[in-house]
Amino acid sequence: MESARANELNVYEYLNYLLSEIPNSDYLHQPEVLEKYLPWSQELPEVCRLNHKYKKCLK
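The following paragraphs examine the structure supplied in this document. (Residues numbered from 1 in each chain as written. Predicted model: local features only at pLDDT ≥ 70, side-chain atom pairs only at ≥ 80, totals over all residues. Heavy atoms only, no water.)

Within this structure, the stated rule accounts for one aromatic pair. Judged by centre distance (5.9 Å) and plane angle (45°), the ring pair of Tyr17 and Tyr37 falls under tilted. With a gap of 20 residues between them, Tyr17 in helix α2 (residues 11–21) and Tyr37 in the loop between α2 and α3 (55–58) connect regions that are remote in the sequence. What makes Tyr17 buried here is its relative accessible area of 17%. With relative accessibility at 5%, the residue Tyr37 sits in the buried group. (Phe/Tyr/Trp six-rings, centres within 6.5 Å; stacked < 30°, edge-to-face > 60°. Helix = DSSP H or I, 4+ residues; strand = E, 2+ residues; numbered from the N terminus. Buried < 20%, exposed > 50% of the residue type's maximum accessible area, 1.4 Å probe, protein only.)

Laid out in structure tokens, this is it:
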């Protein structure tokens, strides 16, 4: 979670995304697919990113 915060992610939305997407992926046969779910991945959806106008409230 600290990595998510350090990468300016909304922790709740990020966890929600991970728990809904990873079980549907083929990570057991293709472990490299997990790289797109890392907190620094550019492939994460915008909903996972902190909205900077609300960032002060979340710290």
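Now for α2. Every buried residue of α2 is listed here: Val11, Tyr14, Tyr17 and Leu18. For α2, the arc enclosing every buried residue in end-on projection is 130°, short of the 170-degree limit, so these residues lie on one face. The exposed residues of α2 that point more than 90 degrees off its buried face are Tyr12 and Leu19. Backbone nitrogen of Tyr12 and a side-chain oxygen of the N-cap are separated by 3.1 Å at the start of α2; the cap is Asn10. (Arc of directions from axis to C-beta. Polar contact = N/O pair within 3.5 Å; in protein donor to acceptor, adjacent residues only side chain to side chain.)

Further remarks concern the environment of Asn7. Topologically, Asn7 is positioned in the loop between α1 (2–6) and α2. The class of Asn7 is partly exposed, set by a relative accessible area of 29%. C-alpha of Asn7 to C-alpha of Arg49: the two residues are 42 residues apart in sequence and 8.5 Å apart in space. With sequence-adjacent residues up to four places away left out, Asn7 is seen in contact with Pro39 and Trp40. (Contact = heavy atoms within 4.5 Å.)

Let's shift gears to the side chain of Ser25. If you trace the backbone, Ser25 turns up in the loop between α2 and α3. Looking at Ser25, the relative accessible area reads 17%, which means it is buried. Looking at Ser25, its side chain comes within polar contact range of the main-chain oxygen of Ile22, at 2.8 Å. Not counting chain neighbours up to four residues away, the residues in contact with Ser25 comprise Val33 and Tyr37.

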